[in-house]
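The primary structure of each chain is shown beneath.
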Amino acid sequence: MIPIIQNIALREITEQDVDVLYNLMITIYPAAYSFLWPDNGAWYINEQYSKTNVLKELKQEKANYYFVVVDNEIIGNFRIVWNKPLKNLQIVNQVKLHRLYLHEKVQGKGVGKAIMNWLEKEALRKDYKAIWLDAMDAKLQAFEFYKKLGYKYHAHVFLPFELMKKEVRKMSQLYKLL
């Protein structure tokens, strides 16, 4: 366990945790993102959190995948890809925040902010100069969260997921210099 602040910690996800992660996302993802999908996000969860995909992500070099633990309860997941540059951002040593999903019961309670503060300190400790991420434009709450933390707009992309509603596929790429 990696302590973040008093009751918040990160626990590394292992190959034995694939089912726990999948079941967690069945709870977390639809509550936040079902409006993006005609099937309430079932395809996305089955695709991104399949055993095959999670095991592939766990084997990726220079990446860390964690459960977010609050008061000894797993309430989210957090994935970082170190040394992953954002296209057309001319800064060396970048880290990508690939995923940060939290259960709605802890949203607005400082958990996300504590994790992002930890990531910034860890990135600085490892001599990284910038953190970047993709944020769904259609999910204003998440988009505004990152802006409040000092992240700035860089560019946008459109997700290629055929099953996703076309009008909500836009993602903004945000970054923060450290």
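See above for the structure.
Computed from a predicted structure; not experimentally measured.

The rules behind the values
Residues numbered from 1 in each chain as written. Predicted model: local features only at pLDDT ≥ 70, side-chain atom pairs only at ≥ 80, totals over all residues. Heavy atoms only, no water. Pairing = 2+ DSSP bridges. Helix = DSSP H or I, 4+ residues; strand = E, 2+ residues; numbered from the N terminus. Axes fitted to C-alpha atoms, helices over the stretch in contact; angles between N-to-C directions. Contact = heavy atoms within 4.5 Å. Expected span 1.5 Å × (residues − 1). Buried < 20%, exposed > 50% of the residue type's maximum accessible area, 1.4 Å probe, protein only.

A few words on the sheet that holds strand β2 (residues 8–12). As a general point, the strands of a sheet are linked pairwise by backbone hydrogen bonds and lie either parallel or antiparallel. An order of β1-β2-β3-β4-β5-β6-β8-β7 is seen for the eight strands of this open sheet, with the pairing classed as mixed. Here the strands that pair on one side only, and so sit at the sheet edges, are β1 (2–5) and β7 (152–158). Strand-to-strand twist in this sheet, taken as the mean axis angle between neighbours without regard to direction, amounts to 30 degrees. As judged from the eight bridges shared by strand β3 (residues 63–70) and strand β4 (residues 73–82), these two strands associate in the antiparallel manner. Note that in β4 the partner of V68 across the bridge is G76. Strands in contact with helix α1 (residues 18–33) are β3, β4, β5 (94–102) and β6 (130–136); relative to β4, the strand with the most contacts, it is inclined by about 90 degrees.

A word on helix α4 (residues 111–125). Every α-helix winds through 3.6 residues per turn, so residues three or four apart in the chain are directed the same way. Here α4 contains 15 residues, and its C-alpha end-to-end distance of 21 Å stays within 8% of the 21 Å for a straight helix at 1.5 Å per residue. Of all the residues in α4, the buried ones are V111, G112, A114, I115, M116, W118, L119, E120, E122 and A123. In the stretch just after α4, D127 is the one whose phi turns positive, near 70 degrees.

Let us now look at helix α3 (residues 51–59). Listing the buried residues of α3 in full gives N53, V54, L55 and E57. Looking at the packing, one finds that the buried side of α3 touches α1, α2 (42–48), β3, β4 and β5.

Summarising burial for β3: seven of the eight residues are buried, a large majority. As paired strands, β2 and β3 are joined by five bridges and run antiparallel to one another. Residue pairing in the sheet places L10 in a bridge with V68 of β3. As consecutive antiparallel partners, β3 and β4 are separated by two residues, and within that stretch D71 has a phi angle of approximately 50 degrees, a positive value.

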